[in-house]
Amino acid sequence: MRNIVGQTPRGDDFFPRDKVIDKIYRRLDSGSHIFMSAPRRAGKTSIMRFMEEFPRKGYAFVYINVEDIEEEEDFFRALSESLLASEAVGRLMRASKKARTIFEDFAEHVKSIKVWNIAIETQSKETPKYSKEFEKLMSRMDTSDFTIVMLVDEFPVTVEQIEKKDSSDESKRFLHTNRSIRQRAKRGIQFIYTGSIGLPNIARKLDATATINDLNVVEVPPLTQAEANQFTIKLLKNYKVKYERGVISYMLLELKWLMPFFIQLVVQMLIDEYETNGEIITKETIDKVFDKASNHRNNIYFENYYSRLDKSLIKDEASLAKQILSQIATKNSVPLETFKPLRNYAAVLEILEFDGYINSNNNCYSFNSPILQKWWIKYAID
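Calculation notes
- Starting from 1, residues in each chain are numbered consecutively following that chain's sequence as written.
- Residues qualify for local features only when their pLDDT is at least 70, as the model is predicted, and side-chain atom pairs are given and counted only at 80 or more; totals for whole chains, interfaces and linings, by contrast, use all residues.
- Only hydrogens and water are set aside when side-chain values are computed; all heavy atoms of the structure are taken into account.
- Grid points spaced at 1 Å and placed over the protein atoms alone form the basis of the search, with a cavity being a set where a 1.4 Å probe fits but cannot get out and a pocket an open set showing protein on both sides within 12 Å along at least five of seven lines. Lining residues have an atom within 4 Å of a point.
- Grid points are joined across faces, edges and corners, and a volume is the space filled by probe spheres set on the points.
- Think of it this way: any DSSP run of H or I at least four residues long counts as a helix, any run of E at least two long counts as a strand, and we number them from the N terminus.
- In the scheme used here, Gly and all other residues not listed as nonpolar or charged are polar, with Ala, Val, Leu, Ile, Met, Phe, Trp, Tyr, Cys and Pro taken as nonpolar and Asp, Glu, Lys and Arg as charged.
- Residues count as neighbours in contact if any of their non-hydrogen atoms are within 4.5 Å of one another.
- Here, a strand pair is defined by DSSP locating no fewer than two bridges between the strands.
- Axis definition: a line fitted to C-alpha atoms, limited for helices to the stretch in contact. Angles are taken between N-to-C directions and run from 0 to 180 degrees.
- Roughly parallel means an angle under 35 degrees; roughly antiparallel means over 145; roughly perpendicular covers 65 to 115; every other angle is labelled oblique.
- Two helices cross in a left-handed way if the nearer one is turned anticlockwise from the farther one by less than a right angle. They cross in a right-handed way if the turn is clockwise.
- Between 30 and 60 degrees the pair is tilted, below 30 it is stacked and above 60 it is edge-to-face, where a pair is any two Phe, Tyr or Trp rings, Trp via its six-membered ring, whose centres lie within 6.5 Å.
- Note on exposure labels: buried denotes an accessible area under 20% of the residue type's maximum, exposed denotes more than 50%, and partly exposed covers the range between, all computed with a 1.4 Å probe on protein chains only.
- A pair is scored as a salt bridge if a Lys or Arg side-chain nitrogen falls within 4 Å of a carboxyl oxygen belonging to Asp or Glu.

Q: How do you make sense of the layout of surface pockets when you look at a structure like this?
A: Over the atoms rolls a probe the size of a water molecule, and its path tells where empty space is left. The volume enclosed by the largest pocket comes to roughly 710 Å³. Along the walls of the largest pocket sit 31 residues, with Gly6, Gln7, Thr8, Arg41 and Thr45 positioned nearest its centre. Put simply, the parts of the chain that give the lining of the largest pocket at least two residues each are helix 2 (44–53), strand 2 (59–65), helix 12 (260–277) and helix 14 (299–312). Considering every element that reaches the lining of the largest pocket, the biggest residue donor is helix 2, with 5 residues. Tallied by class, residues from the lining of the largest pocket come to 12 nonpolar, 9 polar and 10 charged.

Okay, structure coming up:
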């Protein structure tokens, strides 16, 4: 197992998350559409790509990241084109004559929309739309022994960006359209939406919670102590890194928040230390690596935690989020009462918790990751 930091581990480099994957399949087997809830760097994309590459019998998956999409029609165009280009559709068409007819018809309609968009003229009274054609497809698909699952990554970001670019009404309508499509969908296609921004929080802000109450939520938790221990051993073994007894337990204790990314980041630095010095890894090596983990060489990994706030939140909320994070970072633990005088504090705290920055314990807030906390103090506080 190679140690892959910053990219999505695939194939043999993916550390199995069997409990989470089993839970997802149970929900799919019952016919549910899913929102996979996880903070940043939790490994949700790795889970989806694994399911896409190694589907269980009767399933095929189509992955698409919609983080950069800002308009409803662009969203459904991207879903339509990804679906038609996928091996999943090819498998289903080979397995079912009915499905082949449905998808051939869908492909022709999608093609006609492209042609119309290029020509900017049509005899039709109504402008053809990807959303309408996609909704028709959902209502026609009905297969009992084969299901295509659309894996829609960073869906909440698209919802937020539609609101920023257009309006809250447009964003709310977008959520309604997606719900309508799910409600009309038969057994041929299901959806898994994911995002490190809290979709329930966004829907509540838009007064649109009814648009997502049909989604079944699956959470992606940190690794257990046993999983994290096994994961670390596998990584170090692959690079033939020698270490003293008790070193891995000590490392995980210092990490606190056992998300795959933070384990991989520290392991990468341990491998570098071992290859540079050729000395067995000790607890002192762990301390040295933790001191270096939050320095500027890792800005590439952490700057996104800062810039993401501006990208996903409106200006006032982003400013408040940075203020709250800076206060927590410098004081280690901050009581809830401290934030109550701040306007809109509750919604921002919820977003920061969901996105993996902080956690609350006995009504006190602290950073999940000591490494991210140190980086924030060094580089994010004005």
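Q: It is not clear to me how the side chain of Lys322 should be interpreted in this structure. Could you clarify?
A: Positionally, Lys322 belongs in helix 15 (residues 315–331). Not counting the four nearest positions on each side in its chain, Lys322 is found in contact with Tyr306, Leu309, Asp310 and Trp376.

Q: What is the right way to look at the sheet that holds strand 6 (residues 334–335) in this model?
A: What links the strands of a sheet is backbone hydrogen bonding, and the strands pair in either a parallel or an antiparallel sense. Read across the open sheet, the 3 strands follow the order 6-8-7; overall the sheet is antiparallel. What marks the edges here is a single partner per strand, and that holds for strand 6 and strand 7 (358–361). Inspection of the sheet shows strand 6 paired to strand 8 (residues 364–367) by 2 bridges, in the antiparallel sense. In the sheet register, Pro335 faces strand 8, and the bridge partner there is Cys364.

Q: Explain the packing of helix 11 (residues 247–255) against helix 12 to me, please; I cannot follow it from the model alone.
A: The description of two packed helices rests on the angle between their axes and on the distance between the axes. At a minimum axis separation of 11 Å, helix 11 and helix 12 run at an interaxial angle of 130°. Between helix 11 and helix 12, the angle is such that the two are oblique. When the axes of helix 11 and helix 12 are compared, the crossing they make is right-handed. Together, Met251, Leu252 and Leu255 of helix 11 and Phe262, Ile263, Val266 and Leu270 of helix 12 make up the contact between the two elements. Residues that form the contact of helix 11 with helix 12 fall into these classes: 7 nonpolar, no polar and no charged.

Q: I tried to follow the packing of aromatic side chains on my own but got confused; where do I start?
A: Aromatic ring pairs are described here by two measures, namely the spacing of the ring centres and the angle between the planes. Taken as a whole and assessed by the stated rule, the structure comprises 29 aromatic pairs. Relative to Phe61, the ring of Tyr25 lies with its centre 6.0 Å away and its plane at 85°, an arrangement referred to as edge-to-face. Of this pair, Tyr25 sits in helix 1 (residues 18–29) while Phe61 is found in strand 2, placing the two residues 36 residues apart along the sequence. Across the pair, Phe61 and Tyr25 agree in class, each one buried. Centroid distance Phe262 to Phe302: 6.4 Å. Interplanar angle 20°. Geometry classified as stacked. Placement of the pair is Phe262 in helix 12 and Phe302 in helix 14, with a sequence separation of 40 residues. Judged by its relative accessible area of 0%, Phe262 is buried. An aromatic cluster is present here, built from Trp257, Phe261, Phe262, Tyr301, Phe302, Tyr305, Tyr306, Tyr357, Trp375, Trp376 and Tyr379 joined pairwise through their rings.

Q: I tried to follow helix 7 (residues 155–165) on my own but got confused; where do I start?
A: Think of an α-helix as 3.6 residues a turn; residues three or four steps apart then line up on the same face. Summarising burial for helix 7: 9 of the 11 residues are buried, a large majority. Three or more residues of helix 7 are buried, namely Phe155, Pro156, Val157, Thr158, Val159, Glu160, Gln161, Ile162 and Glu163.

Q: Sorry, what's going on with the pattern of salt bridges here?
A: Once their charged atoms are close, side chains differing in charge can pair, the charge on each being opposite to the other. What the rule picks out here adds up to 25 salt bridges. Here Arg94 and Glu87 are joined by a salt bridge, their closest N and O atoms 2.7 Å apart. We note that Arg94, like Glu87, is exposed. Notably, a salt bridge pairs Glu154 with Arg308, separated by 3.2 Å at the nearest N-O pair. Residue Glu154 is located in the loop between strand 3 (147–153) and helix 7, and its partner Arg308 is located in helix 14; the two are separated by 154 residues in the primary sequence.

Q: Would you explain the pairing of strand 2 in this entry?
A: For strand 2, the buried fraction is high: 6 of the 7 residues fall into the buried class. Note that strand 2 and strand 3 share 7 bridges and pair parallel. By the bridge assignment, Tyr59 is partnered in strand 3 with Thr147.

Q: Is there a simple way to explain the side chain of Glu273 in this structure?
A: Here Glu273 shows up in helix 12. The buried category is assigned to Glu273, whose relative accessible area is 10%. In this structure, Glu273 is in contact with Gly278, Thr285, Lys288, Val289 and Lys292, ignoring residues within four places of it in sequence.

Q: Could you clarify how one ought to interpret the pairing of strand 1 (residues 33–37) in this entry?
A: Of all the 5 residues making up strand 1, 5 are buried; the element is thus mostly covered by neighbouring parts of the structure. Residues of strand 1 alternate between two faces, with His33, Phe35 and Ser37 on one and Ile34 and Met36 on the opposite face, all of them buried. Here strand 1 pairs with strand 5 (residues 215–219) via 5 bridges, running parallel. Bridge assignment links Ile34 to a residue of strand 5, and that residue is Asn216. The pairing of strand 1 with strand 4 (residues 189–195) spans 4 bridges and is classified as parallel.

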